[in-house]
Amino acid sequence: MYVLIYDITHEMMEELKTLADKVCRIARDAGCFLKEERKKFRLEAVRKKHTHDYVSYVDKESERRIVVALRELLPEAGFIAEEGSAVYRDEPYCWVVDPLDGTTNYIHDNAPYCVSIALRSKRELLLGVVYDPCRGECFCAWKGGGAYVNGVEMAVSSVQDLEEAFVVAELPYNSEQYARTGEHLIHELYGRVAGIRMNGSAALALCYVAAGRFDAWLEAFIGKWDFSAAALMVQEAGGKVTDFYGNDDFMEGHHIIATNGALHPLFVRLAQEVPPF
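Residues numbered from 1 in each chain as written. Predicted model: local features only at pLDDT ≥ 70, side-chain atom pairs only at ≥ 80, totals over all residues. Heavy atoms only, no water.

A word on the nonpolar core
Counting residues in hydrophobic clusters, the biggest one holds 39 residues, and the most contacted among them are Val 130, Phe 139, Trp 217, Met 233 and Phe 250. If you tally residues by element for this core, the top one is helix H5 (residues 202–210), at nine residues. The two domains that each donate at least three residues to this core are domain 1 (10–154) and domain 2 (162–273). Those residues within four positions of Phe 250 in sequence are excluded, and the remaining contacts are Leu 125, Phe 227, Ala 231, Gln 235, Val 241, Thr 242, Asp 243 and Ile 256. In terms of nonpolar packing, the next biggest core, distinct from the first, is built from 38 residues, Val 67, Phe 79, Val 97 and Tyr 106 among them. (Core = buried A, V, L, I, M, F, W, Y, C linked by side-chain atoms within 4.5 Å. Buried < 20%, exposed > 50% of the residue type's maximum accessible area, 1.4 Å probe, protein only. Helix = DSSP H or I, 4+ residues; strand = E, 2+ residues; numbered from the N terminus. Domains from an automatic or database assignment. Contact = heavy atoms within 4.5 Å.)

Description of the packing of H5 against helix H6 (residues 224–236)
In the contact formed by H5 and H6, the axes pass within 8 Å of each other and the chain directions differ by 0°. In terms of orientation, H5 lies roughly parallel with respect to H6. Contacts from Ala 202, Ala 203, Leu 206, Cys 207, Val 209 and Ala 210 of H5 reach H6 at Asp 226, Phe 227, Ala 230, Ala 231, Met 233 and Val 234. (Axes fitted to C-alpha atoms, helices over the stretch in contact; angles between N-to-C directions. Parallel < 35°, antiparallel > 145°, perpendicular 65-115°, else oblique.)

Observations regarding the UniProt feature "binding site: Mg(2+)" (unreviewed entry) in the protein
When the UniProt feature table is mapped to this numbering, "binding site: Mg(2+)" (unreviewed entry) covers Glu 82, Asp 98, Leu 100, Asp 101 and Asp 226. For the residues just named, distributed over 145 residues, the greatest C-alpha separation is only 9.6 Å, placing them together at one site. When you line up the elements, Asp 98 lands in strand S4 (residues 93–101). By relative accessible area, which is 0% here, Asp 98 ends up buried. When near neighbours in sequence (up to four residues on either side) are disregarded, Asp 98 contacts Glu 82, Cys 114, Val 115, Ser 116, Trp 225 and Asp 226. (UniProt positions renumbered as here; feature names shortened; annotations may be inferred.)

Brief notes about the pairing of strand S5 (residues 114–121)
Of all eight residues in S5, eight are buried, a share of seventy percent or more. Taking every second residue as pointing to the same face, both faces of S5 are buried, with Cys 114, Ser 116, Ala 118 and Arg 120 on one and Val 115, Ile 117, Leu 119 and Ser 121 on the other. With seven bridges joining them, S4 and S5 adopt antiparallel strand pairing. Note on S5: the bridge partner recorded for Asp 101 is Cys 114. As judged from the six bridges shared by S5 and strand S6 (residues 125–132), these two strands associate in the antiparallel manner. The residue of S6 that forms the bridge with Ile 117 is Val 129. (Pairing = 2+ DSSP bridges.)

So this is what it looks like as structure tokens:
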């Protein structure tokens, strides 16, 4: 692997594409495990991490399998993994893993839920893979190579008017900090946009922005594992990703806006009017 910071050569892109193909297989295997376990899943297996934030043996076993496979693929990389089965010790590369994004959906037998895997250097995102076992869709992107769903290249929407926008305004678990922001967003958007949705999976909502299915998405109090892989997809599909203040350096934060680009200034303004911090 190369350390990728600014420019990327054709050879580097080919190497990342080969690696991304292998990560897709790992994500599909983990997604198949999730889907099979869902058939026999029981609520008694659920443990509460925080208020309304849950985990089960499925999350942990999915993460274990993913970590084992990724270690074989790139031994020199560390990990930022939601369930803590592996750690980051300042290695030159880092896998960012969400073994089950959309856990609340999953435990209630609702779609969507997914597996999300990103690779980053110390400075930038290099590749991202998100697999949705509910629809059998594998979203994939690598730096400089575009973004794809099941091998078909994606592009963000061309919507420019708020009235035509199909928007995701997710409400995070941190209700005390986010309530005023969430209420403000709903107040400003409801009746003015084509539709507002909350789908329960940040990774897939971002992928849908990349695919032009949604035009804008924003959420706060989320982890790197929730957004890293799919944020690269939005960027490679021609969209825009920033923090709530419009800063491009969003990777170390927890409040993210992703849009088709044309709508971005509007959503940055809305997020700043009642910031949840």
